[in-house]
Structures are given as structure tokens and as C-alpha cells.
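Secondary and tertiary structure notes
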Amino acid sequence: MWLPLTSPYALIAPVLAYALWKAYHYLASVVWTPLRNLPGPPISNWIYGNVLDITAVENTAVPDQWFERYGKHYVDHDFFLSPRLWTMDPRALQHVLAHHDDYTRPEESRRFFSETMGKGILFAQGEQHRKQRRIMNPAFGLPQIRDLTEIFVRKSLELRDLWASAASHGKPPRVNANRDLSRMTLDVIGLAGFNYDFNALNPQGTANELSVAFRQLFSNASPFSLVAMLRLWFPILQIIPNKQARRANEAASVISRVGRDLVVGKKRAIVKDTLEQHRDGVERKDLQGRDLLTLLIKANMAKDLPESQQLSEEAVIGQIPTLLLAGHETTSTSTTWALYALSINLAAQKKLRDELLSLQTDTPTMEQLSALPYLDCVVRETLRLYAPVTMLIREARKDDVIPVTEPFTDKYGKVQHEIRVAKGDRVVIPILAVNRSKDLWGEDAHEFRPERWEAVPEATAAIPGVWGHLLTFIGGARACIGYRFSLVEMKAILFTLIRSFELELAVPAEDVCIQSARLQRPSLRSAPEQGFQLPLAVKPYNGA
């Protein structure tokens with residue numbers, strides 16, 4: 001019997017058939033993945049796979065343990081049992097990073113970020129990413145970072161004065177370094193990124209709508225909640241009303257509106273300046289400006305830039321939340337861990353202070369900061385041992401063969417000379433595990449020892465990172481475009497604070513633990529409900 005086209009069954013049937021076909025295809029890819037011949041941990045949960053094993057508090061060491069147990073290559077499972085390849089092999093990692101169009105962010109991740117943050121350089125793919133990279137590269141060059149160093153230093157001095165004021169009331173005060181550094185770096189990226197004053201360090205300041213929206217967007221929900229993941233994996237569920245999704249959309253709307261106003265205002269200012277100076281448009285050789293967004297807009301408006309290479313207004317606006325995400329919490333988190341490490345290693349703190357005090361200025365230039373060898377060692381060791389982003393996930397867009405440095409034995413006892421992956425398989429870039437691998441860094445790889453950078457192990461030369469024999473800023477064409485910005489800012493903060501204060505933990509060292517969600521950040525075992533924090537006792541250094 002034929003059903004009329006208006007019958008609800010006639011409408012539901014093709015949708016159900018398509019869903020069943022997709023489910024069959026997905027399950028077949030899970031069961032028959034070529035990665036099934038690799039060893040790995042048992043599945044912990046039929047929905048979360050092994051995700052919760054790694055993201056639980058203090059479980060950043062789990063991948064290290066699994067590499068020791070299963071070897072340089074193993075497989076665990078992502079949400080809904082998607083197989084994930086973990087590899088420590090430098091050649092394999094180089095292949096994945098170099099073929100960035102074949103190994104992209106997972107589809108659900110790209111969908112979430114493009115919907116909430118636009119298509120900035122972090123989330124653009126293919127030719128769009130290459131176009132954005134070409135336009136933005138000059139804004140992150142050394143001449144531009146040199147000009148921005150004044151902002152790094154000025155905001156560091158504001159934080160110093162804030163802590164000094166608290167210390168003037170008697171005994172060394174207890175400050176939350178994680179919170180204060182987050183506010184300081186927000187001020188920095190606002191001014192250096194797009195000349196926008198968040199005024200976050202001002203204790204009497206009122207909340208800024210852009211900062212409120214940004215924090216609302218990323219503190220909105222647990223990144224591993226089942227509801228959130230179902231909505232990402234099955235977009236049709238987004239038609240169902242959801243309070244958290246509504247708040248995220250409201251925040252994204254504010255960010256987009258403010259971003260559009262900033263871009264329009266800067267375009268007008270550039271045009272006005274060009275007319276006042278009687279110039280016939282902007283050329284790429286004229287790239288000067290006080291902030292990164294102005295430099296980007298000037299580069300994009302340059303009359304000698306072919307129209308085919310210009311970015312759309314939406315792509316330019318998308319760089320604002322991208323700058324906030326990439327240039328704010330990552331640097332504050334890294335610097336927080338540097339202060340933690342120096343607070344439990346007082347000899348290293350003193351050695352660093354002695355070097356910093358040898359420079360007779362409170363306002364160093366970029367070149368002066370870069371010429372301090374032990375400061376450089378401390379920054380490198382912090383970014384090695386406490387990389388803020390512990391891992392990245394890439395999804396194979398096609399069947400592929402990944403080369404390896406040396407043959408290995410699979411779980412069936414067969415010798416393999418390569419790793420085969422199928423379209424849809426996932427590959428983990430294990431940033432933290434590589435950065436503290438004992439095979440690469442020696443038996444003391446898990447210890448904070450800045451002196452190791454005076455004689456770096458030869459084995460680390462094969463790590464395919466863009467900077468410092470580390471994967472912290474990854475490598476290849478998608479390496480962190482702002483790594484120089486982050487390094488100089490971090491050095492400016494440490495220069496100012498370590499010269500000015502003697503720092504100690506304000507809680508027992510064993511009370512500090514790691515919470516790892518998007519970033520690995522410090523928390524207290526005794527007060528997990530209080531969120532991320534690092535309590536420090538700060539005592540003004542008097543030079544005696």
C-alpha cells in the first residue's frame with residue numbers, strides 16, 4: 001500500500017533511513033578501522049570512550065603512563081568510540097602537522113567555533129586559512145612585537161603596583177595569581193590586539209560588556225557534558241531550546257556586534273588618516289599602527305593587494321574573538337605556572353632575580369628582555385613542563401599512510417613500518433607528553449630544571465615544533481602565529497614581578513592540583529568549588 005506524501009510516516013521514513021545508514025557507516029568505521037591492530041587501553045565508557053580518563057583532575061599524566069605501557073603508538077577512543085591514534089614518533093607527528101589540509105579539526109569542533117566565534121585564523125581551513133595567514137603574518141613580526149612591548153611592561157607594572165599596595169598593610173598578602181594574571185593579560189590583548197581598554201586590572205572598574213560576553217561564552221558549560229556533545233555531534237538537536245546554548249548565542253552576538261563596531265571604526269580612521277596625508281590609498285609597505293587589528297585592516301585594505309587575496313569583513317571581525325581566545329588565557333596560564341614553579345624552587349627564583357636586577361631599568365625593551373639567558377631558560381622550561389594546551393586532536397579527511405621513524409610491533413606481534421589510518425580516524429598531537437618524554441628529555445623530564453636549556457638533549461631536535469624544541473606552539477603551516485607575542489609578554493611579566501617580590505605558596509604544595517579542561521590550570525584540593533586559583537604570599541623585595 002502506498003502512503004500519501006502528506007502522511008507523517010512518509011516524511012519520517014527517509015529521515016530514519018538516512019539516520020540508520022549514517023549509524024551503520026559510523027559503526028563500521030569504528031569496528032573496521034585500520035588502527036585496530038594497535039595496542040591501547042580498554043574502553044572506559046561507551047559514550048565518553050577514554051575522554052574522562054584523561055580530563056579528570058590531575059590526569060595529565062595518564063598519556064605518559066599509557067605511552068610507557070603500550071609503546072610509541074597506541075589507540076584509545078574519543079566520544080562515541082571514535083578511534084584516536086596517539087603517537088610519540090617525531091616523523092609521524094611531522095607528517096600530520098605538515099599535511100594540515102588532510103588532518104583538520106574534528107567536524108563538531110569546527111562547527112562549534114565557527115558558529116560562536118566566526119571564522120578566525122584558528123578555525124579557518126584550506127585556502128581561507130592560507131589567505132588569512134598571509135595577511136596577518138606581518139602584524140606578528142618582530143618590529144610589531146617590539147612596538148607592543150611597552151604595553152606588556154606597562155600592564156606588568158600596574159599588576160606590580162596592585163600587589164605592592166596589598167603588601168603595604170603588614171604581613172605578606174595572599175593573592176590569587178591565576179585570577180590577577182588573567183585580568184592583566186586581558187588588558188594586554190585588548191590594548192595590543194585592538195586598542196580596546198578592558199580596564200580589568202582596576203579593582204574599582206566596572207565589568208566590560210566584551211569581557212563579560214567572552215567569559216560567558218567559555219564558562220558557560222562543562223566542555224564534556226553529554227548534552228553539549230550531543231548537540232555538537234547531531235546538529236538537528238540544536239532546534240530544541242537549551243538555556244546554555246541560548247546564553248552562548250547571546251554572548252556570541254555581543255562579541256560580533258562589538259567586533260563589527262571596532263572594525264568599522266578603524267577603517268574610517270585609516271581612510272581619514274590617508275586623506276589627511278594626501279596619500280592615494282594604503283600600501284603594504286606602510287604597515288604601522290598601535291594594535292594588531294589596525295595592522296591587519298591596513299594590510300587588507302592595501303591597494304597593492306590583489307582583490308582575490310583580501311579578507312571579507314566577516315573574516316576580519318572573526319579575528320577579534322580569536323585574539324581573545326589565543327592571546328589571553330594561554331599566556332596568563334603559562335605565567336601562573338612559572339610563578340608556581342619558582343615559588344617551590346626558591347633557588348631558581350633567587351638566581352632569576354639576581355639576573356633581572358642586573359638590568360638597571362623598570363621598563364626593558366624587547367631586545368633587553370631577549371638578552372637575559374636565565375629568564376629565557378625559565379620561560380622555556382615552563383612552556384615545556386606546563387604547556388597550557390596539553391593536546392590537540394586532528395581528524396583524517398581521507399585514507400592515509402603515516403610514516404614512522406623506526407619499525408614497531410603491533411598487538412598481534414607483526415612488525416609494522418607505517419601506520420594506516422582511515423578517513424574519519426582521529427590523531428592526537430600529544431603536546432605535553434612529548435614535552436616531558438623521558439626518552440627525549442632524560443629521566444628528570446618531569447622536574448622543573450631551567451638549567452637543562454644550557455645543553456639541550458640532541459634527541460629533542462627531531463620534535464616538529466615551531467619554537468624551542470617544543471610542541472607547545474605546534475609546528476607546520478598552522479603553528480601558533482602569535483608565539484613571539486606570548487613569549488615577550490611572558491618575559492615582561494616575570495621580569496617585573498620577580499624583581500619586585502619574593503614569592504612563596506600561600507598553601508601547602510600538596511594542596512595545589514591540576515584541572516585540565518581546555519587548558520591545564522591550578523586549583524586547590526581543599527577548595528575545588530572555588531575554581532582555578534594559585535594563592536601566593538608576596539613579600540616586597542628590599543634587596544637586603
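Each remark here, short or long, concerns the structure printed above.
To keep things clear, this report deals only with the structure shown in the data block. (Residues numbered from 1 in each chain as written. Predicted model: local features only at pLDDT ≥ 70, side-chain atom pairs only at ≥ 80, totals over all residues. Heavy atoms only, no water.)

Structural notes on helix 5 (residues 107-117)
Note the following rule: With a 1.4 Å probe rolled over the protein chains alone, any residue whose accessible area is under 20% of its type maximum counts as buried; one over 50% counts as exposed, and the rest are partly exposed. A helix here means a DSSP run of H or I that spans at least four residues, while a strand means a run of E at least two residues long, and both kinds are numbered starting from the N terminus.
Buried residues of helix 5: Glu-108, Ser-109, Arg-110, Arg-111, Phe-113, Thr-116 and Met-117, and no others. Gly-118 sits one or two positions beyond helix 5 and adopts a positive phi of about 80°.

Quick word on the sheet that holds strand 8 (residues 426-429)
Our working definition: At least two DSSP bridges between two strands are needed for those strands to be called paired.
Pairing is mixed in the open sheet, where five strands are placed in the order 1-2-8-5-3. Strands at the two margins of the open sheet, each flanked by one partner only, are strand 1 (73-77) and strand 3 (103-104). In the sheet, strand 1 pairs with strand 2 (residues 83-87) via five bridges, with the strands oriented antiparallel. Within the sheet, the bridge partner assigned to Asp-76 lies in strand 2 and is Arg-84.

A word on the packing of aromatic side chains
Put simply, the test is: Only the six-membered ring of Trp is used, alongside the rings of Phe and Tyr, when aromatic pairs are assigned; centres must lie within 6.5 Å, and planes under 30 degrees apart are stacked while those over 60 apart are edge-to-face, with the rest tilted. Any Lys NZ or Arg CZ that is within 6 Å of a ring centre and within 35 degrees of that ring's normal is treated as a charge sitting over the ring.
In total, this model carries 17 aromatic pairs according to the counting rule given. Clustering of aromatic rings is evident, with ring pairs tying together Trp-66, Phe-67, Tyr-70, Tyr-74 and Trp-86. Above the plane of the ring of Tyr-541 lies Arg-353, whose end atom (NZ or CZ) is 5.0 Å from the centre.

Quick word on the pattern of salt bridges
Threshold: What counts as a salt bridge is simple: a side-chain nitrogen of Lys or Arg found within 4 Å of a carboxyl oxygen of Asp or Glu.
Evaluation of the coordinates by the stated rule reveals 35 salt bridges. Linking Asp-291 and Lys-266 is a salt bridge whose minimum nitrogen-to-oxygen distance equals 3.2 Å. Pair noted here: Asp-291 is in the loop between helix 11 (243-276) and helix 12 (292-301) and Lys-266 is in helix 11, with a separation of 25 residues, a long-range link. Take Asp-291 and Lys-266: they sit in the same class, and that class is buried. A salt bridge links Glu-381 to Arg-452; the nearest nitrogen and oxygen atoms lie 2.9 Å apart.

Concerning the nonpolar core
Applied cut-off: We define the nonpolar core as a collection of buried residues of types Ala, Val, Leu, Ile, Met, Phe, Trp, Tyr and Cys that are connected through side-chain atoms lying within 4.5 Å of one another. Contact between two residues is taken to exist if any of their heavy atoms lie within 4.5 Å; hydrogens are not considered.
The biggest cluster of nonpolar side chains holds 144 residues, and the ones touching the most others in it are Phe-194 and Leu-339. With eleven residues, helix 20 (residues 483-500) is the single largest residue contributor to this core. The contact partners of Phe-194, leaving out residues within four places of it in the chain, are Ile-189, Leu-210, Leu-262, Lys-266, Asp-291, Leu-293, Ile-320, Leu-323 and Leu-324.

Focus: the pairing of strand 7 (residues 415-421)
Pairing of strand 6 (residues 400-409) with strand 7, which is carried by six bridges, proceeds in the antiparallel orientation. The partner of Asp-400 across the bridge, within strand 7, is Val-421. Where strand 6 folds back on strand 7, the antiparallel hairpin that results is connected by five residues, among which Gly-413 adopts a positive phi of roughly 85°.

Description of helix 6 (residues 126-136)
Buried within helix 6 we find Gly-126, His-129, Lys-131, Gln-132, Arg-133, Ile-135 and Met-136. Packing partners of the buried residues in helix 6 comprise helix 12 and helix 13 (313-327).

Considering the packing of helix 17 (residues 373-385) against helix 20
Definition in use: Comment: axis = line fitted to C-alpha atoms, over the contacting stretch for helices; angle = value between 0 and 180 degrees taken between N-to-C directions. By definition, turning the near helix anticlockwise from the far helix through less than a right angle yields a left-handed crossing, and turning it clockwise yields a right-handed one.
Contact pair helix 17 / helix 20: the axes reach a minimum separation of 10 Å and the direction vectors enclose 115°. As for the relative orientation of helix 17 and helix 20, their crossing is right-handed in sense. Facing helix 17, whose interface residues are Leu-375, Asp-376, Val-378, Val-379, Thr-382 and Leu-383, helix 20 presents Leu-487, Met-490, Lys-491 and Leu-494.

Regarding the environment of Leu-191
With respect to the secondary-structure elements, Leu-191 resides in helix 8 (residues 177-194). Sequence separation of Leu-191 and Lys-155 is 36 residues, and the distance between their C-alpha atoms is 9.9 Å. Not counting residues within four places of it along the chain, the set of residues in contact with Leu-191 comprises Ile-151, Arg-154, Lys-155, Tyr-196, Asp-197, Arg-290 and Asp-291.

A few points about the side chain of Arg-133
Cut-off, in case you're wondering: The sign given to each residue is positive for Lys and Arg and negative for Asp and Glu; His and the chain ends receive no count. Residues adjacent in sequence count toward polar contacts only when both atoms are side-chain atoms; beyond that, a polar contact is any pair of N or O atoms within 3.5 Å, and within protein one must be able to donate a hydrogen and the other to accept it.
Note on placement: Arg-133 falls in helix 6. We note that Arg-133 is buried and unpaired, the nearest opposite charge coming from Asp-101 at a distance of 12 Å. Here the side chain of Arg-133 touches Ala-477 through a polar contact of 3.4 Å, landing on its backbone oxygen. Sequence-distant contacts of Arg-133, defined by excluding residues within four places in its chain, comprise Ile-121, Ala-477, Arg-478, Ala-479, Cys-480 and Ile-481.

This is a description of form; function is not addressed.
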